[in-house]
Amino acid sequence: MSDQSTPFFQPEDKIPLPPKSAEVLTTCCDYCVMACGYKVYRWPVGSADGGPRKHENAVNRNYPLRPNQSGWIGPNQYTQATYDGRLYNLAIIPDPDAKVVNVKGGHSIRGGCIAQKVYNPRKPTQDRLKYPMIRINDILMPVTWDFALDIMAAVSKHVIAKHGEAAWAMKYFSYQYFENTYALTKLAFKDINTPAVAHHDHPAIVNSVPGWVDMGYDIFSASHEDFALADCVLISGTDPYESKTVLWNNWILKGINGNKTKVIMINPRRTMGVAYAETHGGLHLDINPGSDTVVQMAIQRVILENGWEDKEFIDKWVANFWETDSGFGQGTRNTPWQWRTTWGKFQVKGFEDWKAWMLSQEESKPEVAAEIAGIDVAKIYKAAEMMAKPKANGERVKTSIAIEKGNYWSNNYLNTVSIGTMGAILGAGGRPGQVVTRLGGHQRGGVNGGPYPTMKSAYKVPGRRRHRLDLDRWMEAGHVRFAYVIGTTWIQAMAGSSALADTFKKLIKLNPHQVRSFDKQEIIDTLIRRSDSGGTVVVNQDIYLRDPIGAQYADIVLPAATWGEEDFARANSERRIRLYSKFYDAPGDALPDWKIAAKFAKKMGFEGYDWKDSNDVFEETCRFSRGSRKDYQVIRTMAQRKGMKAHDFLRTFGTTGLQAPLMLFGDKIVETKRLHDYNRTDIPDTGPEGVTIVNKRMTAFKTHTGKLNLLKSPWAEWSDFYEFMKPRDGELWIATGRINEIWESGFDDFERRPYTQQRWPMNFLEIHPDDAKARGVESGDIVAVEADRVPIQKDFNLGVKSDDMRFSGLMKRGHIKISTGQFSAVAIVTPSTKKGVVFTDFLKMDSPANSVTPRVPDPFTLNYRFKIANGKVKRVGESVFKHKFSQMTFKRRDIV
């Protein structure tokens with residue numbers, strides 16, 4: 001090996017151990033939806049460190065330990081930071097005594113390195129945003145909070161008064177902490193009352209799994225233990241090993257290795273999780289992107305034709321004609337589920353009517369579905385047997401269904417309906433080992449501070465109905481005059497990102513009204529002139545300066561405090577709520593998002609923002625959680641009875657937390673293991689105390705009858721768009737997703753962790769050997785991916801007839817423009833990727849794959865179709881990594 005092949009990342013080989021006197025605080029990992037429990041050991045720099053014997057250190061372990069042993073502390077789990085102005089040592093490790101989630105201290109590579117997220121001026125986090133900044137002469141210059149917020153408020157007031165509330169927009173993180181999301185939505189919905197609001201991963205305020213909503217399934221109904229109790233688990237659109245590692249390692253593997261659980265994965269790639277499942281009796285359905293619906297329908301057809309459906313469950317928990325009809329079709333129906341289910345396209349007259357429809361569909365025939373999906377038809381029959389064929393002793397198979405973005409971010413409504421009906425006929429939902437659930441991406445920290453003003457949306461759809469506002473199209477049409485962007489990259493994170501970037505450039509950089517003075521009033525006047533001339537003013541609030549939303553386009557940049565810098569609360573995928581303790585000082589003048597929102601709201605003249613600390617905000621959120629899957633009102637009630645702050649009361653539950661929805665019986669808190677648990681016996685007939693409620697979803701399904709509504713999933717509603725998107729003339733399907741080492745846009749790892757930078761110095765593109773050979777591509781080559789027919793829905797068409805909303809109707813009426821997109825990557829030639837399909841990281845900031853994804857949202861739901869794209873792959877030349885192995889490896893990942 002040459003010197004040039006020596007890895008540049010050389011880890012430290014020695015770190016201090018926390019002494020017995022170290023303070024111990026609890027928190028959770030900030031990354032994936034599992035929210036593994038962590039402990040923070042804090043002791044002053046310069047004081048005595050701990051020793052290797054258990055009686056000499058705060059972890060109470062004998063060292064040395066192996067990296068996979070509970071209590072091990074590695075170099076990436078240690079850092080230093082200030083607290084109350086004094087420098088401290090920090091050891092941040094998975095809780096070695098955890099009893100839930102990451103039992104005994106399991107972790108992913110992402111969470112295991114989370115200590116490196118902590119601001120440290122001697123480490124790569126030194127570039128954290130520290131002070132408010134104003135762009136003057138295209139340079140961001142530090143100013144005071146009052147200076148920045150005075151300008152922000154003055155321009156906002158003008159925009160709202162002259163152009164209306166819908167001209168004032170907010171793009172924000174839906175996943176963040178309760179305190180932050182509540183403060184921001186209270187501002188946007190209650191006080192400004194704007195419909196121009198969208199989450200970080202959607203063009204509008206929408207639900208990711210609307211088919212389940214319409215049927216009555218809650219999207220996070222399961223307990224982690226359900227995956228260890230199932231006989232069979234169907235996982236569609238993700239590999240939890242790569243993206244929710246502890247769910248796989250602690251719970252799914254427990255089922256595979258102990259309960260002999262068989263795992264079926266639907267995914268175009270053969271990943272490590274797929275490989276392990278296959279070697280333990282599992283199955284891989286390597287479908288073409290976007291073909292999920294027909295495969296799901298075909299599996300159900302096989303189940304029905306063999307009489308393997310759960311008749312007892314269907315009789316008791318599936319709505320008949322009268323039960324279904326009584327809830328639909330009444331009035332104007334302005335909620336999303338109401339107008340979807342009253343079109344006549346989806347609703348049925350009970351099970352027998354649905355069964356007849358399913359068996360009549362050409363696409364439900366296994367041979368037809370297999371041809372569309374590009375898979376062996378035998379896999380469809382095998383999957384149906386594994387999930388539904390009774391055991392030799394006559395017992396039913398306990399099957400659970402779990403999905404993620406690869407499923408619902410292509411053919412959103414039909415995919416989620418068709419896999420939901422599969423769950424219904426299998427009797428899945430509310431029973432140990434028999435659940436239907438999302439696996440999740442981000443953690444669940446959303447609490448709305450006000451209702452969404454649907455009737456202010458300009459987006460009319462067939463009938464007397466409105467969609468919630470599509471903020472990307474609203475922006476592109478020039479209707480956004482002020483945009484407040486919090487904790488999201490917006491441009492690269494959205495579909496058709498190249499076209500969206502052009503819009504930002506036109507409305508902001510190319511507008512003649514640019515700030516060239518430090519005079520506050522002159523700045524205000526200039527930005528008002530821009531807004532009045534059709535341009536947009538942008539405020540970006542984040543922990544790092546993100547390019548381009550902050551670095552290029554923001555007129556005002558606001559520095560936010562984050563994980564570890566404030567007491568926060570949030571829930572995970574099994575609705576477990578924990579306190580995330582503050583354990584160090586935020587850098588510079590950075591403030592938590594709730595406090596920034598409060599400061600701004602008061603500048604606007606709004607009342608109700610006089611919170612003293614994050615606990616005040618949390619206590620206000622509690623009553624707004626009532627009736628939701630995260631109902632945690634009990635925490636505030638019990639804290640008041642004990643004379644405590646709600647945050648401090650929650651803190652006493654450590655990394656175990658409380659599993660919501662919560663109920664109160666006297667002074668006893670009753671938690672909820674799984675939703676839809678119709679066999680639940682711990683709720684007395686008299687019900688809980690008045691401050692809490694028995695939500696219908698706790699003991700039944702979330703519909704007007706408490707029973708599941710079966711729905712149709714007609715392929716014709718998708719087929720015209722699918723035919724347009726299918727690769728032709730040398731194109732390949734382009735699939736995107738996550739890999740284990742990287743979280744989201746890579747702001748903590750791609751960009752600031754030397755080991756991850758060494759492992760993934762550039763974006764990658766997995767390509768099948770046959771596809772690579774045809775294009776002269778080898779592992780280590782730089783390739784360009786280009787798409788020259790990226791469809792963009794460009795305006796707010798008024799839907800008069802339902803066919804107007806189909807892709808072919810939109811094309812015919814001129815509502816679609818064709819754009820282009822490009823990104824580059826280093827090729828990894830591997831048979832683990834399906835022939836005809838390439839795979840790349842979904843959000844590499846300097847090589848955004850979303851530039852080639854279509855910006856034509858699902859017409860029924862407004863969800864984007866991120867996972868169905870096409871493009872041509874061309875070799876550019878050799879990368880520096882092709883012959884030097886200090887940074888990248890081109891070994892295949894599907895190993896066991």
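The rules behind each value
- Residues numbered from 1 in each chain as written.
- Predicted model: local features only at pLDDT ≥ 70, side-chain atom pairs only at ≥ 80, totals over all residues.
- Heavy atoms only, no water.
- Helix = DSSP H or I, 4+ residues; strand = E, 2+ residues; numbered from the N terminus.
- Rg over C-alpha atoms; globule rule 2.2 N^0.38 Å.
- Buried < 20%, exposed > 50% of the residue type's maximum accessible area, 1.4 Å probe, protein only.
- Contact = heavy atoms within 4.5 Å.
- Pairing = 2+ DSSP bridges.
- Axes fitted to C-alpha atoms, helices over the stretch in contact; angles between N-to-C directions.
- Domains from an automatic or database assignment.
- Expected span 1.5 Å × (residues − 1).
- Salt bridge = Lys/Arg side-chain N within 4 Å of Asp/Glu carboxyl O.
- Phe/Tyr/Trp six-rings, centres within 6.5 Å; stacked < 30°, edge-to-face > 60°.
- Parallel < 35°, antiparallel > 145°, perpendicular 65-115°, else oblique.
- Left-handed = near helix turned anticlockwise from the far one by under 90°.
- Nonpolar A, V, L, I, M, F, W, Y, C, P; charged D, E, K, R; others polar.
- Arc of directions from axis to C-beta.
- Polar contact = N/O pair within 3.5 Å; in protein donor to acceptor, adjacent residues only side chain to side chain.

**Examining the overall build of the chain**
When helices and strands are tallied, the chain shows 30 helices and 29 strands. Taking 29 Å as the expected radius of gyration for a compact globule of 896 residues, we find that the chain reaches 27 Å, a close match to that expectation. In terms of overall dimensions, the chain has C-alpha extents of about 70 × 70 × 70 Å along its principal axes. For the chain, buried positions account for 67% of its 896 residues. Looking at the chain alone, contacts between residues at least 24 apart form 76% of all its contacts between residues at least 6 apart.

**Details of the side chain of R546**
Within the secondary structure, R546 sits in the loop between β17 (537-542) and α21 (549-553). Overall, the relative accessible area of 5% leaves R546 in the buried class. Apart from residues no more than four positions distant in its own chain, R546 is found in contact with T489, A551, S745, F747, E751, R752 and M845.

**Focus: the environment of V783**
Following the sequence through the fold, V783 ends up in strand β26 (residues 781-793). A relative accessible area of 0% means that V783 is categorised as buried. Spatially, the C-alpha atoms of V783 and V876 are 5.2 Å apart, while their sequence positions differ by 93 residues.

**A look at the sheet that holds strand β4 (residues 86-94)**
Here we have 4 strands laid out as an open sheet, ordered β1-β2-β4-β3, and antiparallel in their pairing. Both outer strands of the open sheet, β1 (23-28) and β3 (78-83), are each paired with one neighbouring strand and no more. The sheet shows a mean angle of 35° between the axes of neighbouring strands, direction not considered. Relative to β4, strand β2 (residues 37-44) runs antiparallel, the two being bridged by 7 bridges. When the sheet's bridge partners are listed, R42 is paired in β4 with L90.

**Digging into the domain arrangement of the chain**
Buried accessible area, meaning the area lost when the parts come together, often serves as the stated size of an interface. Domain boundaries in the chain define domain 1 (23-118), domain 2 (133-194 + 445-559 + 595-604), domain 3 (210-438), domain 4 (632-694) and domain 5 (716-878). The C-alpha-based centres of domain 4 and domain 5 are spaced at 44 Å.

**With respect to helix α2 (residues 145-163)**
Residues three or four positions apart in an α-helix share a direction because the helix packs 3.6 residues into each turn. Relative to the 27 Å expected for 19 residues at 1.5 Å per residue, α2 spans 26 Å between its end C-alpha atoms, a close match to the ideal helical length. Every buried residue belonging to α2 is among W145, F147, A148, L149, I151, M152, A153, V155, S156 and V159, and all of these are buried. Directly beyond the C-terminal end of α2, a positive phi value near 95° is found at G164.

**As for the pattern of salt bridges**
Applying the stated criterion to the full structure yields 68 salt bridges. When the shortest N-O distance is used, the salt bridge between K391 and E395 registers 3.8 Å. Residues joined by salt bridges that share partners form a network here, namely E778, D781, R875, E878 and K882.

**Structural notes on the pairing of strand β16 (residues 482-486)**
The buried count for β16 comes to 5 of 5 residues, which makes it a mostly enclosed element. The side-chain alternation of β16 yields two buried faces, one formed by F482, Y484 and I486 and the other by A483 and V485. Note that strand β7 (residues 168-172) and β16 share 5 bridges and pair parallel. Looking at β16, one finds that M170 is bridged to Y484. Looking at chain direction, β16 and β17 are connected through 5 bridges and run parallel. Considered in β17, the bridge of V485 is made with N540.

**Structural notes on the pairing of strand β27 (residues 816-829)**
Bridge count for strand β25 (residues 764-767) against β27 is 4 bridges, and the pairing is parallel. What sits directly across from L765, in β27, is A827. As paired strands, β26 and β27 are joined by 10 bridges and run antiparallel to one another. Note that in β27 the partner of V790 across the bridge is S819.

**Section: the sheet that holds strand β20 (residues 576-580)**
Spatial strand order, β19-β20-β21: 3 strands in an open sheet with antiparallel pairing. At either margin of the open sheet sits one strand with a lone partner, and together these are β19 (568-571) and β21 (658-659).

**Observations regarding the packing of aromatic side chains**
One pass over the structure, following the stated rule, counts 47 aromatic pairs. An angle of 70° between the planes, with centres 6.5 Å apart, marks the rings of Y172 and F173 as edge-to-face. For Y172, a relative accessible area of 2% puts it in the buried group. Looking at F173, the relative accessible area reads 3%, which means it is buried. Both rings, one in F504 and one in Y553, keep their centres 5.7 Å apart while their planes meet at 35°; by these two values the pair is tilted. Taken together, the residues span a long stretch of sequence, with F504 in helix α19 (residues 497-509) and Y553 in helix α21 at a distance of 49 residues. Assessed through its relative accessible area of 6%, Y553 is described here as buried.

**What to know about the packing of helix α3 (residues 178-192) against helix α22 (residues 593-604)**
For the pair α3 and α22, the least separation of the axes is 8 Å and the interaxial angle reads 20°. Relative to α22, the element α3 lies roughly parallel. Crossing geometry of α3 relative to α22 is assigned as left-handed. Residue-level inspection shows E179, N180, A183, L184 and L187 of α3 in contact with α22, the latter providing D593, W594, A597, F600 and A601. For the contact of α3 with α22, the class distribution of residues is 7 nonpolar, 1 polar and 2 charged.

**Thoughts on helix α13 (residues 351-360)**
Buried within α13 we find F351, W354, W357 and M358. The arc that holds the buried residues of α13, viewed along the axis, is 125°, so those residues lie on one side. Turned more than 90 degrees away from the buried face of α13 sit E352 and S360, all of them exposed. Where the residues of α13 are buried, they touch α9 (292-305), α10 (311-317) and α17 (412-426).

**Concerning the environment of D720**
Here D720 lies in helix α27 (residues 716-725). D720 has contacts with R806, F807 and S808, leaving out every residue within four places of it along the chain. Among the polar contacts listed, one links the side chain of D720 to the backbone nitrogen of F807, at a separation of 3.4 Å.

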